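Structure at a glance
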Amino acid sequence: MRSRLPRLAPVAPLALSLALAALAARAETQAEIVAQMQAEGYRSIEVSTTWLRRVRIVAEGGGRACAKW
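The shown structure was predicted, so the numbers you read here are calculated from the model rather than taken from an experiment. (Residues numbered from 1 in each chain as written. Predicted model: local features only at pLDDT ≥ 70, side-chain atom pairs only at ≥ 80, totals over all residues. Heavy atoms only, no water.)

Considerations on the overall build of the protein chain
Our working definition: Only DSSP runs of H or I with at least four residues qualify as helices, and only runs of E with at least two residues qualify as strands; both kinds are numbered from the N terminus onward. Three labels apply to residues, based on accessible area from a 1.4 Å probe with only protein chains included: buried if under 20% of the type maximum, exposed if over 50%, partly exposed otherwise in between. Note on contacts: a residue pair is in contact if any heavy atoms of the two residues lie within 4.5 Å. A 1.4 Å probe and the Shrake-Rupley method give the accessible areas. Residues count as covered only by the protein chains that appear here.
Check the secondary structure of the protein chain and you find two helices and three strands. Listing the helices and strands of the protein chain from first to last along the sequence gives α-α-β-β-β. Burial statistics for the protein chain: of 69 residues in total, 12% are counted as buried. Of the contacts formed within the protein chain by residues at least 6 apart in sequence, a portion of 18% connects residues at least 24 apart. Put simply, the protein chain shows about 5,800 Å² of open surface, and 60% of that area lies on carbon and sulfur atoms.

Details of the nonpolar core
How we decide: What we call a nonpolar core is a set of buried Ala, Val, Leu, Ile, Met, Phe, Trp, Tyr and Cys residues that are connected through their side-chain atoms within 4.5 Å.
Membership of the largest hydrophobic core is limited to six residues, which are Val34, Met37, Tyr42, Val55, Ile57 and Ala59. At the level of elements, helix H2 (12–39) and strand E2 (55–61) are the ones that each hand at least two residues to this core. Here the element with the most residues in this core is E2; it accounts for three residues.

Remarks on the pairing of E2
Basically, it comes down to this: By definition, two strands form a pair when at least two bridges between them are found by DSSP.
Side-chain alternation along E2 places Val55, Ile57, Ala59 and Gly61 on a buried face and Arg56, Val58 and Glu60 on a face that remains uncovered. Where strand E1 (residues 44–49) lies against E2, six bridges are found, and the strand directions are antiparallel. Within E2, the residue paired with Thr49 across the bridge is Val55. As consecutive antiparallel partners, E1 and E2 are separated by five residues, and within that stretch Arg53 has a phi angle of approximately 70°, a positive value.

Focus on the environment of Val58
Positionally, Val58 belongs in strand E2. Residue classification places Val58 among the partly exposed positions, given a relative accessible area of 30%. Sequence-wise, Val58 and Val34 are 24 residues apart; in three dimensions their C-alpha atoms are separated by 9.6 Å.

Next up, the structure:
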């Protein structure tokens, strides 16, 4: 059985760049959500990650609470 590595080698840089782009987009979106919540008057904003690697943002302020996953 022949190794698949030589055929997959050209695809590796593309896969890596797509993965890094997804991480950068996630970080940008997270920052945008936090900025939007601050603009809406939320002051206590906590950002964490769930065990499924989802980002959880919990905010409180002005007598109201909000959570986004």
